[in-house]
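Read off the chains here:
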Amino acid sequence: MRQLTRISFPAILLLAACAPPAADESGTLAHDAVGLARAEPSYVFKGDAGRYSASNPTLGIDARLDEGGARISAGGAALKLNFTGFGRRETLQNVPPVSPVAGVVPGTDRTRVEYAHDGITVWWDNTSAGIQQGFSIERAPAGKGELALRIGVYGAMAESRGDAVVFRDQSGGTWQYAGLGAEDAKGQALPARMESVG
């Protein structure tokens, strides 16, 4: 089973990695892995004009990013993820597509690709831990209630399983979104959950 793991919200930041099952299922971030990815040219996203691709030689994962989202694949298994909504749970707003840009953050050496939306930046890092997705929220959305992010999944069926969402792609391959954790800007833990809707 491939995993989408290591999800957290530092100052409301959601991280997800596409990776095979790891020995450490704690859901904690492997900070050393990010440093290794930045030092290795094999983790660099290649491309320009809003279309990027990268391979992850450690885990055998490939990613293609464009305005339509990210296609993550390993062997014959594949799924597509696209950030489609942001706001309060009861008033979730659709997010229009934007073109990604690589190498925006100093020190990432094109191991990061970002999608800059109004009020939120979606980013993808290629590290030895996997292809990691994150969300940096610049300002709180209007309204009251739970903060919600919607990720469209294409080419796979989603099923909630406890604290995880499992995707089964068209080839029969499975991917797992797991390890959710959340904290505020001061590092205090916040309640968070994932669910499969629709």
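Undergrad: I'm lost on the overall build of the chain in this one. Help?
TA: The number of helices and strands found in the chain is 1 helix and 16 strands. Looking at the chain residue by residue over its 198 residues, the buried ones come to 44%. By sequence separation, contacts in the chain at least 24 residues apart represent 52% of the contacts at least 6 residues apart. For the chain, the exposed surface amounts to about 9900 Å²; the carbon and sulfur share of it is 52%.

Undergrad: Help me out: how do you make sense of the packing of aromatic side chains in this one?
TA: In this description, a pair of aromatic rings is defined by centroid distance and the angle of the planes. Evaluated as defined, the whole model comprises 1 aromatic pair. Sitting over the face of the ring of Trp-123, Arg-112 holds its NZ or CZ atom 3.9 Å from the ring centroid.

Undergrad: Sorry if this is basic, but what is going on with the pairing of strand 11 (residues 120–127) here?
TA: Both faces of the sheet carry side chains from a regular strand, because those side chains alternate between them. Burial runs high along strand 11: 8 of the 8 residues are buried. With burial as the criterion, each face of strand 11 is covered, one bearing Ile-120, Val-122, Trp-124 and Asn-126 and the other bearing Thr-121, Trp-123, Asp-125 and Thr-127. Pairing geometry for strand 10 (residues 112–117) and strand 11, over 6 bridges, is antiparallel. The partner of Val-113 across the bridge, within strand 11, is Trp-124. If you look at the hairpin formed by strand 10 and strand 11, you'll find 2 residues sitting between the two strands, and Gly-119 has a positive phi there, around 90°. Note: strand 11 against strand 12 (residues 130–137), 8 bridges, orientation antiparallel.

Undergrad: I keep staring at a positive patch on the surface and nothing clicks. Help me out?
TA: Taken together, the side chains of Arg-51, Arg-64, Arg-71 and Lys-80 present a region of like positive charge at the surface. Along the chain, Lys-80 falls in strand 7 (residues 77–88). Residue classification places Lys-80 among the partly exposed residues on the basis of a relative accessible area of 30%.

Undergrad: Any chance you could explain the pattern of salt bridges here in plain terms?
TA: Applying the stated criterion across every chain, the model contains 8 salt bridges. Between Arg-89 and Glu-146 there is a salt bridge, with the nearest N and O atoms lying 3.9 Å from each other. Linking Arg-89 in the loop between strand 7 and strand 8 (93–94) with Glu-146 in the loop between strand 12 and strand 13 (147–154), this pair joins segments that are 57 residues apart in sequence. Judged by its relative accessible area of 38%, Arg-89 is partly exposed. Across the pair Glu-195 and Arg-89 runs a salt bridge, and its minimum N-O distance is 2.7 Å. With Glu-195 in the segment after strand 16 (174–177) and Arg-89 in the loop between strand 7 and strand 8, this residue pair connects regions lying 106 residues apart in the sequence. If you follow the salt bridges from partner to partner, you end up with Arg-89, Glu-146, Arg-193 and Glu-195 in one network.

Reading the values: rules and limits
Residues numbered from 1 in each chain as written. Predicted model: local features only at pLDDT ≥ 70, side-chain atom pairs only at ≥ 80, totals over all residues. Heavy atoms only, no water. Helix = DSSP H or I, 4+ residues; strand = E, 2+ residues; numbered from the N terminus. Buried < 20%, exposed > 50% of the residue type's maximum accessible area, 1.4 Å probe, protein only. Contact = heavy atoms within 4.5 Å. Areas by Shrake-Rupley, 256 points an atom, 1.4 Å probe, with all protein chains shown as cover. Phe/Tyr/Trp six-rings, centres within 6.5 Å; stacked < 30°, edge-to-face > 60°. Lys NZ or Arg CZ within 6 Å of the ring centre and 35° of its normal. Pairing = 2+ DSSP bridges. Patch = residues over 30% accessible without salt bridge, like charges linked within 9 Å, V, L, I, M, F, W, Y side chains within 5 Å. Salt bridge = Lys/Arg side-chain N within 4 Å of Asp/Glu carboxyl O. Lys, Arg positive; Asp, Glu negative; His and termini not counted. Charge placed at Lys NZ, Arg CZ, Asp CG, Glu CD.

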